[in-house]
Amino acid sequence: MTAFTLDGRTALVTGASRGIGRAIAVALAAQGAAVALGGRDLDALEETRAAIGADNAVVVPADVTDPAAIREMVSTAIGALGHLDIVVNNAGGNTFSVPFDAMRPDGWDKVLRLNLDSVVEVCRTVAPHLLGRGSGSVINVASVSALVAMPGMSHYAAAKAAVVSLSRSLAVEWAGQGVRCNALVPGWVATDLTDFARADPKLERYLIGRVPMGRWATPEEIAGPAVFLAADASAFVTGHTLVVDGGLTVG
Ligand SMILES: NC(=O)c1ccc[n+]([C@@H]2O[C@H](COP(=O)([O-])OP(=O)(O)OC[C@H]3O[C@@H](n4cnc5c(N)ncnc54)[C@H](OP(=O)(O)O)[C@@H]3O)[C@@H](O)[C@H]2O)c1
C-alpha cells in the first residue's frame, strides 16, 4: 500500500544505537527513507548504519542532554540528507527508582533533562526547518508511565507525561503549517532499558502479569506504529497519543 511508503523521505532518529530507536530507524529505512542516526555510542550507531546499508544512513552523534550537540546533530543531518521530513525523538530512559520524598533535586533534574528537555530542544531546533518547508512528521516517544501511576518513578513519569502534553500543543500550533506531531507510547518492551526487570523474576511477573497480552513487546512491534505515524497513512493524524502496550492501560 503506497500510503506506507517512505521513498524519497528523510528521517532523524535519536537513540538509534539500540533498542526501540534502532528498530524504528531500520523500519523507516526498510520503507525507503534515508535516515540520520543519533546517539552517543559510535560503534553501535555504525552497526545500525550497516544493518540499514551505508548508502541510506548517516551517523550524527550527539548527547541529547547538550543543546549545542543537538543543534550540531540537526544541522549535520540536514546537510547530509538535504532536508528532514521525519523527526523521531526516541532517546531517553531512566536508571533509578526512588520514592518522591527521598528524591534528590539533581536526580530529578537529570531525568527531566534526558527525557523532556532533550525533546523540547530537538523540537525547537527542527521547527524552523519543518515549518519553512511546510511539511513534516514529528514523533515523540513517551511511555505508558505518562498515563498511569509509577510509584518510585515520579521523575520519569512526569517527564513522559510532559512529552505527551507537549506533542498535543505542538500539533495544534503546527497543524495549519503542514507539520504533524504525535506521541508514541510504548508499554513494556524488551530492551537494555528493561534488562533489570527480566533479571528479577518477581518484578517481571508483576509487570507482565498486568499486560493482557501477557508478554514483553519486541522493539520491532513499536517500530511498525512509528512507520504509520511517519508515513502518509497517518496524513490526518496529529496530536494523537498512540499507545502500543498489549492492552496494559485499558485492562
Ligand atoms: N523499553 C521500554 O519498556 C520502554 C517503555 C516505554 C518507553 N520507552 C522509551 O523508549 C525510548 C527508547 O528506550 P529503549 O527501551 O530502546 O532504551 P535503550 O535500549 O536503553 O536505548 C536508549 C537509546 O537512547 C540513547 N540515549 C540515551 N541517553 C542518551 C543521551 N544522553 N544522548 C543521546 N542518546 C541517548 C541510547 O544511545 P547511546 O547509548 O548510544 O547514547 C540508546 O540508543 C526511551 O525514550 C524510553 O524512555 C521504553
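Structure shown above.
Residues numbered from 1 in each chain as written. Predicted model: local features only at pLDDT ≥ 70, side-chain atom pairs only at ≥ 80, totals over all residues. Heavy atoms only, no water.

Draft legend 1. Broad picture of the layout of surface pockets. If you add up the space inside the largest pocket, you get close to 1,500 Å³. Along the walls of the largest pocket sit 49 residues, with Gly92, Gly93, Asn94, Tyr156 and Leu193 positioned nearest its centre. Among the elements that take part in the lining of the largest pocket, helix α4 (residues 105-133) stands out by supplying four residues, more than any other. Class assignment of the residues belonging to the lining of the largest pocket gives a composition of 24 nonpolar, 16 polar and nine charged. Approximately 260 Å³ is the volume attributed to the second largest pocket. When its residues are assigned to classes, the lining of the second largest pocket shows eight nonpolar, five polar and four charged. (1 Å grid on protein atoms, 1.4 Å probe; cavity = no way out; pocket = protein on both sides within 12 Å on 5 of 7 lines; lining within 4 Å. Points joined across faces, edges and corners; volume = space filled by probe spheres on them. Helix = DSSP H or I, 4+ residues; strand = E, 2+ residues; numbered from the N terminus. Nonpolar A, V, L, I, M, F, W, Y, C, P; charged D, E, K, R; others polar.)

Draft legend 2. Examining the environment of Asp7 more closely. Mapped onto the elements of the fold, Asp7 is located in the segment before β1 (10-13). Overall, Asp7 belongs to the exposed group, its relative accessible area being 57%. The spatial distance from the C-alpha of Asp7 to the C-alpha of Ser137 is 15 Å, given a sequence separation of 130 residues. (Buried < 20%, exposed > 50% of the residue type's maximum accessible area, 1.4 Å probe, protein only.)

Draft legend 3. Highlighting the sheet that holds strand β6 (residues 179-186). With parallel pairing, the seven strands of this open sheet are ordered in space as β3-β2-β1-β4-β5-β6-β7. Two strands close off the open sheet at either side, each with one partner strand: β3 (57-59) and β7 (241-244). Mean inter-strand twist for the sheet, computed between neighbouring axes without regard to direction, equals 20 degrees. Here four bridges tie β1 to strand β2 (residues 34-37), and the two strands are oriented parallel to one another. What sits directly across from Leu12, in β2, is Ala36. Helix-sheet contacts for helix α2 (residues 42-52) involve β2 and β3, and the interaxial angle to β3 is about 175 degrees. (Pairing = 2+ DSSP bridges. Axes fitted to C-alpha atoms, helices over the stretch in contact; angles between N-to-C directions. Contact = heavy atoms within 4.5 Å.)

Draft legend 4. Here's a closer look at the site of the ligand. Not every one of the 31 residues close to the ligand is listed here, only the nearest: Ser17, Arg40, Asn90, Tyr156 and Thr191. Between the ligand and the protein, one listed contact pairs a nitrogen atom with a backbone N or O atom of Val64 at 2.9 Å. The separation between an oxygen atom of the ligand and a polar side-chain atom of Tyr156 is 2.5 Å. A total of 880 Å² of accessible area belongs to the ligand in isolation, and the protein chains cover 96% of it. When each cavity is represented as a set of grid points, the ligand is found to reside in the largest pocket. Those elements that place two or more of their residues in the shell around the ligand are α1 (19-30) and α5 (154-174). Residue composition of the shell around the ligand, by class: 13 nonpolar, twelve polar and six charged. (Near = heavy atom within 4 Å. Polar contact = N/O pair within 3.5 Å; in protein donor to acceptor, adjacent residues only side chain to side chain. Areas by Shrake-Rupley, 256 points an atom, 1.4 Å probe, with all protein chains shown as cover. Sits in = over half its atoms within 2 Å of the grid points.)

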